[in-house]
Amino acid sequence: KSGFVAIIGRPNVGKSTFLNRVIGQKIAIMSDKPQTTRNKIQGVYTTDDTQIIFIDTPGIHKPKHKLGDFMVKVAQSALQEVDLILFMVDAVEGLGRGDEFIMERLKQVDTPVFLVINKIDEVHPDDLLPLIDQYRSRHSFAEVVPISALQGNNVETLLEQIKKYL
Ligand code: GDP
Ligand code: MG
């Protein structure tokens, strides 16, 4: 199986940490450049039977200037073309304006979206369900997967879920 997976989420939710853990190299951090490209290959995860090409669509974040509006549109069309979108959020910070902005953009995209709740090593399990409900009330997610990119919790499970959508 082979396919394209876009990772989106506001800054500091842990996108690069996740990619570094999965790909095992410092590729993701090196490509954290200004919002200039349509989509960038962040890394490729390869096993005997699977190839997952992770891409970054920088323009999906809240635009800071006029060019940003255009970039958002470009990012949206890029998201339309991938097999799966991982929408990564921060379990500690909770649902914020940056998340709302991205979910607004996702409404115009048909691609299945996983809600990936990162940094679960920092929150009490009891606080997780109310948080999931908050996100779920705003968007329909194909899967909801809590992980710790830093410690590796549930990352293998996420990869298994991703394979089902390729
Ligand atoms: P990005 O901007 O989305 O690429 O976020 P980064 O991967 O650069 O991570 C931002 C910060 O969050 C860094 O200090 C990471 O070490 C931290 N971080 C990432 N994942 C986790 C996690 O699962 N748990 C905790 N506690 N911190 C994390
Ligand atoms: Mg990053």
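These numbers come from a predicted model, not from an experiment.

**Student:** How should the sheet that holds strand E2 (residues 40-46) be read in this particular structure?
**Tutor:** Backbone-to-backbone hydrogen bonds pair the strands of a sheet. The strands run either parallel or antiparallel. Pairing is mixed across the open sheet formed by six strands, whose spatial order is E2-E3-E1-E4-E5-E6. Only two strands of the sheet have a single partner each, and these edge strands are E2 and strand E6 (143-146). Averaged over all neighbouring strand pairs, the angle between strand axes comes to 25 degrees, with direction disregarded. Bridge count for strand E1 (residues 2-8) against strand E3 (residues 51-56) is six bridges, and the pairing is parallel. Within the sheet, the bridge partner assigned to Ser-2 lies in E3 and is Gln-51.

**Student:** Mind showing me how you'd approach the nonpolar core here?
**Tutor:** Val-5, Ile-85, Leu-86, Phe-87 and Val-116 are the most contacted members of the largest nonpolar core, which has 37 residues in total. Those elements that provide at least two residues to this core are E1, helix H1 (15-23), E3, helix H3 (66-81), strand E4 (84-90), helix H4 (97-106), strand E5 (113-118) and helix H6 (155-163). Sorting elements by how many residues they give to this core places E4 first, with six residues. The residues contacting Ile-85, other than those within four sequence positions of it, are Ala-6, Ile-8, Leu-79, Thr-111 and Val-113.

What counts and how
- Residues numbered from 1 in each chain as written.
- Chains lettered and ligands numbered in written order.
- Predicted model: local features only at pLDDT ≥ 70, side-chain atom pairs only at ≥ 80, totals over all residues.
- Pairing = 2+ DSSP bridges.
- Helix = DSSP H or I, 4+ residues; strand = E, 2+ residues; numbered from the N terminus.
- Axes fitted to C-alpha atoms, helices over the stretch in contact; angles between N-to-C directions.
- Core = buried A, V, L, I, M, F, W, Y, C linked by C-beta atoms within 7 Å.
- Buried ≥ 20, exposed ≤ 12 C-beta atoms within 10 Å, placed from the backbone.
- Contact = placed C-beta atoms within 7 Å.

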